[in-house]
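Chain by chain, the residues run as shown.
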Amino acid sequence: MFGRAGTVLVSASSSSSTTTLYKPAKNPSPFLGLLNKNSSRKSNSFVSAPLYGSVIRRGYYTSSSRMESSSSSFVARASAQPLANADALIDSVETFIFDCDGVIWKGDKLIEGVPDTLDMLRSKGKRLVFVTNNSTKSRKQYGKKFETLGLNVSEEEIFASSFAAAAYLKSINFPTDKKVYVIGEDGILKELELAGFQYLGGPDDGGKKIELKPGFLMEHDHNVGAVVVGFDRYFNYYKVQYGTLCIRENPGCLFIATNRDAVTHLTDAQEWAGGGSMVGALIGSTQREPLVVGKPSTFMMDYLANKYDARVSFSFLSAHSFGIQKSQICMVGDRLDTDILFGQNGGCKTLLVLSGVTSLSMLQNPNNSIQPDFYTNKISDFLSLRAATV
């Protein structure tokens, strides 16, 4: 399903990473790590990393999937325009990609007007895809959540970062005799199991404690070839230490993050610390940057293009696209640094909704360098704005 990913060479010799692009070897190792610039290795050393874990800036992949706050990292864009003509946008788009948290629901509460909006788009023949960075559920479990909320969404239309982690490992032919250590919840475990991978950790390690005493040495499984970190309500010091040992001591062990979201919506009452807080702990202890498979990484965008046979290349390796034009895809989300950047990295139209994390003042802050094409209050504005233009 996937072509071989190209690879980035990252120089650790200076504070501003030097990125060298080259074609992959015929049989690239599935264990390609990413070297943090603060690594204790020699300053002139290079290490390779699969491109899918990177963010595109100015049309190229860089060494980290982390979004920098500096405006110089991004191509200057015109300020976002309020969505005034919903019909024009709808008519120009064939596929709508929706984030879930903050767009479709908040916690377990459906956002007003969502069912009617989705029904209207389907009636006009639009393809709908739902992409979430939340890794706590599998695609099947998310299907049940949509059903519980009264939404008719098939499992094939859902792409969660838990699924992306398993799909990424399959795409690089991760050896099935190696194990995956999971810092995360049930969604990641279920997707790894469906993909045929061995795993350990997850919620089962949530109750484990370390009894520190003189001479104590914590053992770990040397057959772990990847550590996957996602949002984890059972996060503890045992998991941090176990994951750290695997990444630092197992040769070639991959460090994979489902996302680096700062906050999430566990309830509709307030924002809660997101998966980025768990990932950050491992970055601190390993001095390594993770390979991110969720938004804004383009891995899921590439996967969608392959799945729907759109024959669209979202990588810098191709200057042409066939079939569905990228301009016929619209990413709808509530986060600038994940949803909107994800759409922009894929060359899609972007619509920011203010029903989740991002407020209008945050969007219009002079220090914000990420500008969507349009913004509106919530996706049900598709209905009211259509009515206003009739």
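See the structure above.
Analysis parameters
Residues numbered from 1 in each chain as written. Predicted model: local features only at pLDDT ≥ 70, side-chain atom pairs only at ≥ 80, totals over all residues. Heavy atoms only, no water. Helix = DSSP H or I, 4+ residues; strand = E, 2+ residues; numbered from the N terminus. Contact = heavy atoms within 4.5 Å. Areas by Shrake-Rupley, 256 points an atom, 1.4 Å probe, with all protein chains shown as cover. Buried < 20%, exposed > 50% of the residue type's maximum accessible area, 1.4 Å probe, protein only. Salt bridge = Lys/Arg side-chain N within 4 Å of Asp/Glu carboxyl O. Pairing = 2+ DSSP bridges. Axes fitted to C-alpha atoms, helices over the stretch in contact; angles between N-to-C directions. Phe/Tyr/Trp six-rings, centres within 6.5 Å; stacked < 30°, edge-to-face > 60°. Lys NZ or Arg CZ within 6 Å of the ring centre and 35° of its normal. Right-handed = clockwise from strand over helix to strand, strands pointing away. Left-handed = near helix turned anticlockwise from the far one by under 90°. Nonpolar A, V, L, I, M, F, W, Y, C, P; charged D, E, K, R; others polar.

A count of helical and extended segments in the protein gives eleven helices and 21 strands. Sequence separation of at least 24 residues holds for 69% of the intrachain contacts in the protein that already meet a minimum separation of 6. Here the protein has roughly 17400 Å² of accessible surface; of this, 49% comes from carbon and sulfur atoms.

Where burial is concerned, most of helix α8 (residues 299-307) is hidden: seven out of the nine residues are buried. Taken together, the buried positions of α8 are occupied by Phe299, Met300, Met301, Asp302, Tyr303, Leu304 and Ala305.

One pass over the full model with this rule turns up 13 salt bridges. Between Lys295 and Asp99 there is a salt bridge, with its nearest N and O atoms 2.8 Å apart. Taken together, the residues span a long stretch of sequence, with Lys295 in the loop between β18 (291-292) and α8 and Asp99 in the loop between β7 (95-98) and β8 (105-106) at a distance of 196 residues. In this structure, Lys295 and Asp99 share a single accessibility class: buried. When the shortest N-O distance is used, the salt bridge between Arg122 and Glu157 registers 2.9 Å. In this pair, Arg122 is assigned in helix α2 (residues 114-123) and Glu157 in the loop between α3 (139-148) and β11 (158-160), connecting sequence segments 35 residues apart. Since its relative accessible area comes to 31%, Arg122 is described here as partly exposed. Judged by relative accessible area, Glu157 falls into the buried class, the value being 13%.

A word on the sheet that holds strand β19 (residues 329-333). One open sheet accounts for seven strands, arranged β6-β21-β20-β19-β7-β10-β11; its pairing is parallel. Each of the sheet's edge strands pairs with one partner strand only, and the pair in question is β6 (81-82) and β11. Bridge count between β7 and β19: four bridges; the pairing is parallel. Considered in β19, the bridge of Ile97 is made with Met331.

Bringing unusual backbone geometry into the picture now. Omega for the bond connecting Lys295 with Pro296 falls within 30 degrees of zero, at 10°, which places this linkage in the cis form. In this structure, Pro296 sits in the loop between β18 and α8. Of note in the backbone geometry, Asn173 takes a positive phi value of approximately 55° without being a glycine. When its relative accessible area of 61% is taken as the criterion, Asn173 is described as exposed.

Quick look at the sheet that holds strand β14 (residues 224-229) now. Taking strand neighbours across the sheet as the criterion, the five strands line up as β13-β12-β14-β15-β18 in an open arrangement whose pairing is parallel. At either end of the open sheet lies a strand with only one pairing partner, and these are β13 (198-201) and β18. Relative to β13, strand β12 (residues 179-183) runs parallel, the two being bridged by four bridges. If you follow Tyr181 over to β13, its bridge partner there is Leu200. On top of the sheet, helix α7 (residues 275-286) reaches β12, β14 and β15 (254-257); it is set at about 155° to β15, its chief contact.

Moving on to the pairing of β19. Note on strand geometry: in a regular strand, side chains alternate between the two faces of the sheet. Burial analysis of β19 places five of its five residues in the buried class, the great majority of the element. Judged by which residues are buried, β19 turns out to be covered on both faces: Ile329, Met331 and Gly333 on one side and Cys330 and Val332 on the other are all buried. Where β19 and strand β20 (residues 349-353) come together, four bridges link them in parallel fashion. In the strand pairing of β20, Met331 is matched with Thr350.

Here we come to the packing of aromatic side chains. Within this structure, the stated rule accounts for 13 aromatic pairs. A centroid spacing of 5.3 Å and a plane angle of 80° characterise the contact between Phe163 and Tyr303, whose relative ring orientation is edge-to-face. With Phe163 in helix α4 (residues 161-171) and Tyr303 in helix α8, this residue pair connects regions lying 140 residues apart in the sequence. Both residues of the pair, Phe163 and Tyr303, count as buried. Of the aromatic side chains, those joined through ring pairs into one cluster are Phe96, Phe98, Trp105, Phe130, Tyr142, Phe146 and Phe382. The ring of Phe159 has Arg139 sitting right over it, with the charged end atom 4.7 Å from the ring centre.

Further remarks concern the pairing of β12. Buried residues dominate β12, accounting for four of its five residues. For the segment spanning β12, helix α5 (residues 186-195) and β13, crossover handedness is right-handed. Where β12 meets β14, five bridges bridge the pair, whose relative direction is parallel. Bridged to Ile183 within β14 is Val229.

Right, let's talk about the packing of α4 against α5 for a bit. In the contact formed by α4 and α5, the axes pass within 8 Å of each other and the chain directions differ by 35°. Judged by the twist between their axes, the crossing of α4 over α5 is right-handed. Only Gly187, Ile188, Glu191, Leu192 and Ala195 of α5 make contact with α4, whose side of the interface consists of Ser162, Phe163, Ala166, Leu169 and Lys170. Here the contact of α4 with α5 is built from residues that sort into six nonpolar, two polar and two charged.

Geometric descriptors of this kind do not, in isolation, establish any biological role.
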